[in-house]
Protein chains: 2
Amino acid sequence: MMKVRVGVDLGGTKARIGVVDEAGQLLTLGDKIYVKDFKSAAVLVKALVRDVRQIFRANTQWELAGIGIGSPGPLDKSRRRVLNTPNLKILAYFDLVEAFASHFSEPVVMNNDANVFTLGEALYGAGRGMDVVYGMTLGTGFGNGLVYRGEIFDGAHGVATEYGLAPYAEDVVEHYVSGRALERYYQDFTNQKLVGAEIFKLAEGGDELAIRAFKLLGYHLGKALIPVVRLIDPKMMIIGGSLAAGFPWIYEAAWPILKELLWDDQEDSLQLVPAKLGDAAPVIGAAALIPGKPS
Amino acid sequence: MMKVRVGVDLGGTKARIGVVDEAGQLLTLGDKIYVKDFKSAAVLVKALVRDVRQIFRANTQWELAGIGIGSPGPLDKSRRRVLNTPNLKILAYFDLVEAFASHFSEPVVMNNDANVFTLGEALYGAGRGMDVVYGMTLGTGFGNGLVYRGEIFDGAHGVATEYGLAPYAEDVVEHYVSGRALERYYQDFTNQKLVGAEIFKLAEGGDELAIRAFKLLGYHLGKALIPVVRLIDPKMMIIGGSLAAGFPWIYEAAWPILKELLWDDQEDSLQLVPAKLGDAAPVIGAAALIPGKPS
C-alpha cells in the first residue's frame, strides 16, 4: 500500500479533487465540476466525496493519509468554515471540514485557496527550498498567501494576507488587480467587453490594447506589492491563477516599481516569477496541508 | 553564580548597556552615553565594553551568558553591520558584532532597534504570550518590528518591517509618522518650532494645537497600518519610543481607521496598545536576542 493524500480544489466557479503522493507529485486529477450546478454545500461535498471513492476503488494500491481542502476565503479562525464570501455563497458559514470528516476517518484540513496555492509552490514549485514565499492567484479575483519556513503564515486570526480587500487608490487592491480589473481596463480602451482569456489571446497575438490592459494591471500590482516587499521581505513572489499566462506583460510594468525599493541584500535575490505547478497547484497545495509533510 | 545577559541599546543619539536576568528582568542599567561624543565606531564600542566590565566587576555573582545589541537599521543580512543609515553615520558598514566579540568569549548577537523593542515587548511586555506581535518605536524616526511565535520575523534578506521608509502619500511613512513629523505638524499649526517632548508637555496641559498635532500623526499612523493589519493580521500592535507618551491622542485618531477593516475574528481581539517595558525595553529586548531564552 502506498500512502497518498487527497487535495480538494474548491473555487468560486469550479471544484475538483486530486490525489498526490507524499513527495508532492500529482498522481491523478478528477474532473472539474461546476459549483453553480449545486443547490447546497452539502450536495456539492457529496459529489466530491463520490469522486474520491471512485478514484480509490480504481486504485486499490493507495491508502488515504488525509484530505486537504483549499477554499475561497476568508475562512474562520478554526479553518472549518468559509465566512460570508462574495465568491462562493452556498458555502457561507457551512462546516466544510465536518462535512468531509463525516465520510472519512482520516484527518481533514482546510485553508484558503491562495494560502494553499502558495504552500504548493513553496514546497514543490517555484519557491522550493525558500524560507519566505509570497504567492498570488490572479483569476477572477486576487488571492494572496505567505509561506514561512514551509508553513502557511495565517496571522493571529487566520486572516493574514487577505490583501485583495485592502484599501488601495479609490477602492481595494482587487478592484485594480484581478480578472475583473483586466476586463474593465480593456473595455475602457476599446469599448469592447471581453473575458480575461479572450484578452490574453489578443495580447498573445500582438494586440496593443490588450497588452496595455495587462500592463496597467501590472502597474497596479507593482504599486500594491510595495507594502509586501517592505513588510514581509519575501525571497520569492509567485504569480499563479488563470491570468498568470500574461505574466511577461504584468512583470514588465510591475518590476520597475518594486526594483526601486530594494535594499542591497534584496537586489539580485528577490524575484517576481510565474507559478511552476500550473493547473494542479491548488490540488497539490491542498494535499500539502495534511500533517506529516515529508521534508 | 547567576547567568545574566547584557543588552546594548544603540540609538541615533544615545547608547547604553543593561544587565537582564534569564527571565527578562532588568537587573541594572548603565548610564547613557552620547553617540556624537565619539569620532569612530571603534571608540564607541570601547566605551560600552568598559561599562560592561565595570558592572561585572561590581557584581561578581553574575556570569555573562551573552551580549545582545539593538541598533538602528537597516542591518546587513548577517546581522553584523549597520548598512548606510542616515541616523548613525559613524557605524555605517562597521562590523559591530566582531567589535564586541573581540572582547568577550560569550556569544554576541545583533538585530535592529525596532525588532529588538518588539521582541522585548512580545516576550516580557504588552504582547506576552501572543503569537503575532507588531511593534513600533515612535521617536525621532519610526521603527517597526514583527515577532512571530517568540522570534523576530526578519524576512528573507533581514529587512522585513523596514516600513518607515515605505512609500506613503507624497513621501515615505516616516515623513508622516515620527517625531520629526510631529514637530512639522505643530510648526504648521503655530509657526513655532518645538521638539517632541515640548509638544507633548503642551498637549498634556490641554493645548489644542499640540493635541491636534498628535492626532494628525495618529491619523497617518492609522492609514499606514492598513497594510500591516491586512498582510500580517497581528494580535497586538504595540507603540513604544519617546512619543508613546502621546498614545491616547494617537490612538483616538488611528483606531477608527483600523477598526473599519477588521474581520469577525479580529474584532474584540486585535489591539493597538502602548508599550509596557518603558525606557528599558530596548535593553531587555536586546538581551532576549541571546540564544537559549527561557520560556
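The coordinates are above.
Predicted, not measured: the structure shown is a model, and the values here were computed from it. All chains use their own residue numbering, which begins from 1 and follows the written sequence. Chain labels run from A onward and ligand labels from 1 onward, assigned in the order the entries are written. Under the rules for a predicted model, residues below a pLDDT of 70 receive no local features and side-chain atom pairs below 80 are neither given nor counted, while totals for whole chains, interfaces and linings still include all residues. Heavy atoms from the whole structure form the basis of all side-chain values; hydrogens and water molecules are not counted.

*Asks:* Teacher, can you tell me more about the interface of chain B and chain A here?
*Replies:* Interfaces are often sized by the accessible area lost when the parts come together. Contacts were defined at the residue level, with two residues in contact if any of their heavy atoms lie within 4.5 Å. The interface is formed by 41 residues belonging to chain B together with 40 residues belonging to chain A. Carbon and sulfur atoms make up 67% of the area that chain B and chain A hide from each other, which totals about 3300 Å². The term buried area refers to how much accessible surface (probe radius 1.4 Å) is lost by two components on association, counted for both of them together. Taken as a group, His157(B), Leu231(B) and Trp263(B) account for 24% of the area that chain B buries against chain A, more than any other trio of residues on that side. Any Lys or Arg side-chain nitrogen found within 4 Å of a carboxyl oxygen on Asp or Glu counts as a salt bridge. On the surface where chain B and chain A come into contact, there are two salt bridges. With a closest N to O distance of 3.4 Å, Arg149(B) and Glu151(A) form a salt bridge. Only DSSP runs of H or I with at least four residues qualify as helices, and only runs of E with at least two residues qualify as strands; both kinds are numbered from the N terminus onward. Counting residues per element, the ones that place at least two in the side of chain B that touches chain A are β7 (132-138), β9 (151-152) and α8 (226-232) of chain B. Ranked by residues supplied to the side of chain B that touches chain A, first place goes to α8(B) with six residues.

*Asks:* Which parts of the structure should I look at to understand the pairing of strand β5 (residues 62-71) of chain A?
*Replies:* Residue and element names in this part refer to chain A. Throughout, exposure labels follow a simple rule: accessible area from a 1.4 Å probe, protein chains only, divided by the maximum for the residue type, with under 20% read as buried, over 50% as exposed, and the rest as partly exposed. When you tally the buried positions in β5, you get nine out of ten residues, the bulk of the element. The sheet contact formed by strand β1 (residues 2-10) and β5 spans eight bridges and is parallel. Along β5, the bridge assignment pairs Asp 9 with Gly 70. Where β5 and strand β6 (residues 108-112) come together, five bridges link them in parallel fashion. By the bridge assignment, Ile 67 is partnered in β6 with Val 108. At least two DSSP bridges between two strands are needed for those strands to be called paired.

*Asks:* Any chance you could explain the pairing of strand β12 (residues 236-240) of chain A here in plain terms?
*Replies:* Looking along a regular strand, one sees the side chains alternate between the two faces of the sheet. Residues and elements named next belong to chain A. Of all five residues that make up β12, five are buried, and the element is covered over most of its length. On β12, burial covers both faces: Met 236, Ile 238 and Gly 240 on one face and Met 237 and Ile 239 on the other are all buried. Pairing of strand β7 (residues 132-138) with β12 involves five bridges; the strand directions are parallel. Following the sheet pairing, Tyr 134 is matched in β12 by Met 237. Here four bridges tie β12 to strand β13 (residues 271-274), and the two strands are oriented parallel to one another. Paired with Ile 239 across the bridge in β13 is Pro 274. Taken together, β12, helix α9 (residues 247-259) and β13 constitute a β-α-β crossover, and its handedness is right-handed. A crossover gets the label right-handed when its path from the first strand over the helix to the second runs clockwise, viewed with the strands pointing away from the viewer.

*Asks:* Looking at this structure, how should I read the relation of the copies chain B and chain A?
*Replies:* Each of the two chain copies can be brought onto the other by rotation about an axis and movement along it. Each copy is superposed on the other by least squares, with the fit set by C-alpha atoms of residues at a pLDDT of at least 70 in both. Overlaying chain B with chain A gives an RMSD of 0.0 Å, the required rotation being 180 degrees about an axis along which the chain moves by 0.0 Å. Both chain copies can therefore be described as sitting about a two-fold axis. Relative to the rotation axis, the C-alpha of Pro227(B) is the closest in chain B, positioned 3.2 Å from it.

*Asks:* So what exactly am I meant to see when it comes to the sheet that holds β12(A) here?
*Replies:* Strand pairing in a sheet is mediated by backbone hydrogen bonds. Such pairs are either parallel or antiparallel. Residues and elements named next belong to chain A. Here five strands make up an open sheet; going across it, the order is β9-β8-β7-β12-β13 and the pairing mixed. At either margin of the open sheet sits one strand with a lone partner, and together these are β9 (151-152) and β13. Helix-sheet contacts for helix α3 (residues 113-124) involve β7, β8 (142-148), β9 and β12, and the interaxial angle to β8 is about 45 degrees. Angles shown run from 0 to 180 degrees and are taken between the N-to-C directions of axes, each axis being a line fitted to C-alpha atoms and, for helices, limited to the stretch in contact.

*Asks:* Looking at this structure, I do not really get the side chain of Asp9(A). What am I missing?
*Replies:* Relative to the helices and strands, Asp9(A) is located in strand β1. Positive charges come from Lys and Arg alone, negative charges from Asp and Glu alone, with His and the N- and C-terminal ends not counted. Here Asp9(A) is buried and forms no salt bridge, its nearest opposite-charge partner Arg16(A) lying at an N-O distance of 4.5 Å.

*Asks:* Got a minute to help me understand the packing of helix α5 (residues 179-190) of chain B against helix α7 (residues 208-224) of chain B in this structure?
*Replies:* Helices that pack against each other are described as a pair by the angle of their axes relative to one another and the distance between those axes. Residue and element names in this part refer to chain B. Close contact between α5 and α7 brings their axes to 9 Å; oriented N to C, the two are set at 135 degrees. With respect to α7, the axis of α5 lies oblique. When the axes of α5 and α7 are compared, the crossing they make is right-handed. Of the residues in α7, those touching α5 at Leu 182, Tyr 185, Tyr 186, Phe 189 and Thr 190 are Leu 209, Ala 210, Arg 212, Ala 213, Phe 214, Leu 216, Leu 217 and His 220. Residue polarity is assigned by list, with Asp, Glu, Lys and Arg as charged and Ala, Val, Leu, Ile, Met, Phe, Trp, Tyr, Cys and Pro as nonpolar; anything else, Gly included, falls into the polar class. Classifying every residue of the contact of α5 with α7 by side-chain character gives ten nonpolar, two polar and one charged. Geometric relationships in this document are graded by angle, where less than 35 degrees denotes roughly parallel, more than 145 denotes roughly antiparallel, 65 to 115 denotes roughly perpendicular, and other angles denote oblique. Left-handed describes a crossing whose near helix is turned anticlockwise from the far helix by less than a right angle; the clockwise case is right-handed.

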